[in-house]
Amino acid sequence: MTALVTVRDLTRRFDVSKPWLNRVIERLPKRKLVAVSKVSFDIEEGTTYALVGESGSGKSTIGKMLVGLLDPSEGAVEIEGVNLDTEPDAAKIDAVRSDIQMIFQDPYASLNPRWKVRDIIVEPVAARGGDTEGMAEKLLEQVGLSADDAKKFPHEFSGGQRQRICIARALASEPKFIVCDEPTSALDVSVQAQVLNLMSDLKEDFGLTYLFISHDLTVVTHMADTVGVLYLGRLVEEASPEHLNARPAHPYTQMLLDSAPRLDGFGREIAPPQGEIPDPINPPAGCAFNPRCPLAIDRCRTERPELRQIDGARVACHRAEEAIAQYSPPE
Amino acid sequence: MTDIPVLSVRNLSVEIPTRDAVLKPVDQMSYDIARGEILGVVGESGAGKSMTGNAVIGLLDRPAHISGGEILLNGKRIDNLSLGQMRKIRGREIGMVFQDPLTSLNPLIPIGDQLTETMLAHLDIGAAEARKRAIAALDEVGIPGAAERIDSYPHEFSGGMRQRVVIALALCAEPSLVIADEPTTALDVSVQAQIIALLRALCRDRGTAVMLITHDMGVIAETADRVAVMYAGRLAEIGPVAQVLGHPRHPYTEGLMGSTPAASRGKQRLHQIPGAMPRLGHLPKGCAFHPRCPYAQDDCKRDPGPTTEACDGRAACWHPVENPDVKAAE
């Protein structure tokens, strides 16, 4: 197996300073928000890599950097061995770009209401001057809609059907790699099940590779081959979903698993997790999770833990061994 | 303690007259909520779950109106009250927690003033006493440094903290019923767990009845005592949460449970309910669920779906799922 996507020390900072004049008058310093900090991972060809985290953890920012909607501040993204940021050969960049597509969260906002479905779907190909004869009809049938739907406008469809149109559009340029940013969070459970099943089928049929971004650990467990857990822009743990559910090594992952509501958890009493995600402009020193971590020691407050290999998983925690030892999965 | 349920809804129907047809977003709903009980109302978007909540608290937007049935709060009818009388009940007898904590607080008024305003309007107390109680209420919902933060504005709080303020607001006049409409949908899982634990603890301590409206089956499973599953404006199934979710009898509940991913099921293919919920103007004849139902027979297509009372008090279905586990349990 080869890595289709390689991410190395990816960092993204946003400038959230006040406007220039305010800064001068009020003598304020420049302020930087570090949305993603030194994240590294590989995505093997034909697998699904999931990024999971709460709001503000930087998961969407990573997705956008992978498709090239944002430039990294530091670090590199290589897709098929080509670094889109530094590659001098335009033809190479162009070839790789057409292999990447994205599906967005809100199917109501990501389809142009004034365009017919046919035009929406074939646009990724038409924009490059490709042949689009009969393409929209074929794709619509592949995603479970009917060929006649190509003549309609987006408002004639429900949320789930719109998400199918978004998937059809993503498939039009025959990509190898699709970034799915919360593709089902706006959908009802029964529709979510339909869309998730469709995505699994298409992955088999076309040999696709997915980056699946979600806040929902159960959905991620269902879809992913590898899961990366993000906290405040840092990758804190990476493992297979089975491993992650059975033996989470990072205290944050353990907290996420404990607090996720369970379908069979009737009347379950849990001690809810303490605290909230800290301000990303002034993240805590050392490990970002230390103010909420029950196992934190002095070292956690000063030294940022690096990702290290612990029995089949990669964990960024000084006290991972202790965390594994004391963890008992929820009943 | 009395035997009268805090809230008793009998055959409630809500109608919206439109140019083409009269839509029924809520159709012959009946349910009770006892003191200290949490009733979960679950359903997909468009099932009418928020509509029932709004009907109970008297916040239906025109032209939607209650077209039939009764709503009894502590044994007294409230569905036929005037607007003025209803205003006295709202906030005093029934508290409400909305989905989005940012839009349910006034951004221009410090949270302390919003709390005291509610108490001064409903309780016979002075301003100083109200302020004291406001601090106590904020303290109770777990806002650190309540006395210092009472004069802060909503934007100075995080999403989870804001939702705590909204809960304090809903509970400050000590209502007997709280309607929580998707209270945790806008929040992260770890904060969601905090808010749920808080809601549960407050209700247990005060004996407040709660109607918890949500689309999240996991939240319902962990929080509610009983659950009502809604489909296309009708009650599909109602009963104790472990029975309804663990051994569903209505085919729709069964389908919903199957299509919810669960960590314990791993990568198994999800069960799919074919099709989508019908639009209110285009409800199929017979049982509204029959086009998507795997067990549908001829009478399901002909006869309108039964109410839960007409069946065994649980599933509104002509041919409920026979579940061997349930039979054994009975």
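Predicted model, so just to flag it, every value in this text is computed and none were measured.

1. Side note on the packing of helix α4 (residues 117-126) of chain A against helix α6 (residues 159-172) of chain A
Residue and element names in this part refer to chain A. Running from N to C, α4 and α6 cross one another at 30°; their axes reach a closest spacing of 7 Å. When the axes of α4 and α6 are compared, the pair comes out roughly parallel. In this structure, the crossing between α4 and α6 has a hand that is right-handed. Touching Val117, Ile120, Ile121, Pro124 and Val125 of α4 are Ile165, Ala168, Arg169 and Ala172, all from α6. Partitioning the contact of α4 with α6 into residue classes produces 8 nonpolar, no polar and 1 charged.

2. A short note on the UniProt feature "domain: ABC transporter" (unreviewed entry) in chain A
Within the UniProt annotation, "domain: ABC transporter" (unreviewed entry) is assigned to residues 5-257 of chain A. Helix makes up 37% of residues 5-257 of chain A and strand 25%, and the two end C-alpha atoms of the span are 28 Å apart.

3. Section: the interface of chain B and chain A
With 43 residues of chain B at the interface, the matching set in chain A holds 41 residues. Both faces considered, chain B and chain A share a buried interface measuring about 3,500 Å² in area, 52% of it formed by carbon and sulfur atoms. Area buried by chain B at its contact with chain A is led by Glu222, Pro261 and Lys267 of chain B, which between them contribute 19% of it. Inspection of the chain B/chain A interface yields 1 salt bridge. The partner of Arg269 of chain B in a salt bridge is Asp201 of chain A, with the nearest N and O atoms 2.9 Å apart. The tally of links from chain B across to chain A stands at 11 residue pairs in polar contact (both at pLDDT 80 or more). Breaking the side of chain B that touches chain A down by element, the ones donating at least two residues are α6 (159-171), α7 (189-206), α8 (217-223), α9 (241-246) and α10 (251-259) of chain B. Residue composition of the side of chain B that touches chain A, grouped by class: 19 nonpolar, 15 polar and 9 charged.

4. Considering a nonpolar patch on the surface
Residues Trp20, Leu21, Val24 and Ile25 of chain A make up a contiguous nonpolar surface patch of roughly 470 Å² in combined accessible area. With respect to the helices and strands, Val24 of chain A occurs in helix α1 (residues 20-26).

5. A few points about unusual backbone geometry
Residue and element names in this part refer to chain B. In this structure, the amide linkage connecting Arg62 to the following residue, Pro63, adopts the cis form with an omega of 10°. One can find Pro63 in the loop between α1 (49-57) and β4 (65-73). With a phi angle near 50°, Ala232 is a residue other than glycine that sits in the positive phi range. Judged by its relative accessible area of 4%, Ala232 is buried.

6. What to know about the UniProt feature "domain: ABC transporter" (unreviewed entry) in chain B
The sites that UniProt annotates as "domain: ABC transporter" (unreviewed entry) are residues 7-257 of chain B. Secondary structure across residues 7-257 of chain B comprises 39% helix and 27% strand; the distance between its end C-alpha atoms is 28 Å.

7. Focus on the packing of aromatic side chains
Residue and element names in this part refer to chain B. In total, this model carries 7 aromatic pairs over all chains according to the counting rule given. When the ring of Tyr231 is compared with that of Tyr252, the centres are 4.5 Å apart and the planes differ by 55°; the resulting orientation is tilted. With Tyr231 in strand β9 (residues 226-231) and Tyr252 in helix α10, this pair connects stretches of sequence that are 21 residues apart. Here Tyr231 and Tyr252 have matching classes, each one buried. Taking the ring centre of Phe157 as reference, the NZ or CZ of Arg149 above it sits at 4.2 Å.

8. Looking at helix α5 (residues 135-142) of chain A
All names here are of chain A. Every buried residue of α5 is listed here: Met135, Ala136, Glu137, Leu139 and Leu140. Looking at the buried residues of α5, the elements they touch are α4 and α6. Following α5 by one or two positions, Gly144 has its phi on the positive side, about 90°.

9. Details of the nonpolar core
All names here are of chain B. Judged by nonpolar contacts, the single largest core of 99 residues is most densely connected at Leu7, Tyr31 and Leu177. No other element matches α6, which puts 8 residues into this core. When residues are assigned to domains, this core turns out to be shared by domain 1 (36-57 + 82-93 + 178-329) and domain 2 (102-174), each giving three or more. Beyond its immediate stretch of four places on either side in the chain, Leu177 contacts Val6, Leu7, Ile33, Val56, Leu73, Glu93, Ile94, Gly95, Thr208, Ala209, Val210 and Met211.

10. Thoughts on the packing of helix α3 (residues 111-122) of chain B against α6 of chain B
Residues and elements named next belong to chain B. The contact between α3 and α6 brings their axes to 9 Å, and the two run at 20°. Comparing their axes, α6 and α3 come out roughly parallel. Between α3 and α6 lies a crossing of right-handed hand. Judged by residue contacts, Ile111, Gln114, Leu115 and Thr118 of α3 engage Val165, Ala168 and Leu169 from α6. Each residue belonging to the contact of α3 with α6 can be placed in one class, and the counts come to 5 nonpolar, 2 polar and no charged.

11. Side note on the side chain of Arg292 of chain B
Positionally, Arg292 of chain B belongs in the loop between α10 and α11 (298-302). Buried and without a salt bridge, Arg292 of chain B has Glu44 of chain B as its closest oppositely charged side chain, separated by 4.4 Å. Among all residues touching Arg292 of chain B, those that are not within four sequence positions of it are Ser190 of chain A together with Glu44, Tyr231, Ile273, Pro274, Gly275, Ala276 and Met277 of chain B.

12. Considering the pattern of salt bridges
Side-chain pairing between opposite charges can occur once the charged atoms of the two side chains come close. Residues and elements named next belong to chain A. Counting across every chain of the model gives 28 salt bridges over all chains. Between Arg13 and Glu74 there is a salt bridge whose closest N-O contact spans 3.1 Å. Here the residue Arg13 occupies a position in strand β1 (residues 3-15), and Glu74 occupies one in strand β4 (residues 74-79), the gap between them amounting to 61 residues. For Glu74, a relative accessible area of 38% translates into the label partly exposed. A cluster of three or more residues bridged by salt bridges with shared partners is formed by Glu80, Asp99 and Lys176.

The rules behind each value
Position labels on residues start from 1 in each chain and follow its written sequence. Each chain is given a letter, starting from A, and each ligand a number, starting from 1, according to the order in which they appear as written. Local features in this predicted model are restricted to residues of pLDDT 70 or higher, and side-chain atom pairs are both shown and tallied only at a pLDDT of 80 or more, whereas totals for entire chains, interfaces and linings draw on every residue. Side-chain calculation: all heavy atoms of the structure are included, whereas hydrogens and water are not. For helices, the fitted axis covers only the stretch in contact; all axes are lines through C-alpha atoms, and the angles between them, taken along N-to-C directions, range from 0 to 180 degrees. Here a strand is any run of E in DSSP of at least two residues, a helix any run of H or I of at least four, and the numbering for each starts at the N terminus. Roughly parallel means an angle under 35 degrees; roughly antiparallel, over 145; roughly perpendicular, 65 to 115; everything else is oblique. The handedness criterion is simple: a crossing whose near helix is rotated anticlockwise from the far helix by less than a right angle is left-handed, and one whose near helix is rotated clockwise is right-handed. When checking whether two residues touch, look at their non-hydrogen atoms; a contact exists if any pair is within 4.5 Å. Ten residues, namely Ala, Val, Leu, Ile, Met, Phe, Trp, Tyr, Cys and Pro, are considered nonpolar, four, namely Asp, Glu, Lys and Arg, are considered charged, and the remaining ones, Gly among them, are considered polar. UniProt positions are given in the numbering used here, feature names are shortened, and annotations may be inferred rather than shown by experiment. Accessible area that two parts lose when put together, evaluated with a 1.4 Å probe and summed over both, is termed the buried area. Just to be clear on terms, a salt bridge is a Lys or Arg side-chain nitrogen sitting within 4 Å of an Asp or Glu carboxyl oxygen. Polar contacts here mean pairs of N or O atoms no more than 3.5 Å apart (in protein, one a potential hydrogen donor and the other a potential acceptor; neighbouring residues in sequence count only if both atoms are side-chain atoms). Patch members must show over 30% relative accessible area and no salt bridge, and they are joined within 9 Å when carrying like charges or within 5 Å when they are nonpolar side chains of Val, Leu, Ile, Met, Phe, Trp or Tyr. In this description, accessible areas are obtained by the Shrake-Rupley approach with a 1.4 Å probe, and a residue is regarded as covered only by the protein chains that are shown. Relative accessibility under 20% of the residue-type maximum defines a buried residue, over 50% an exposed one, and the middle range a partly exposed one, all with a 1.4 Å probe and only protein chains included. We call Phe, Tyr and Trp rings a pair once their centres come within 6.5 Å, taking the six-membered ring for Trp, and we label the pair stacked below 30 degrees between planes, edge-to-face above 60, and tilted otherwise. Whether a charge sits over a ring comes down to the Lys NZ or Arg CZ being within 6 Å of the ring centre and within 35 degrees of the ring normal. Each nonpolar core is a collection of buried residues, namely Ala, Val, Leu, Ile, Met, Phe, Trp, Tyr and Cys, held together in the definition by side-chain atoms within 4.5 Å. All domain edges in this entry derive from an automatic or database-based domain assignment. Positive charges are assigned to Lys and Arg, negative charges to Asp and Glu, while His and the chain termini are left out of the count.

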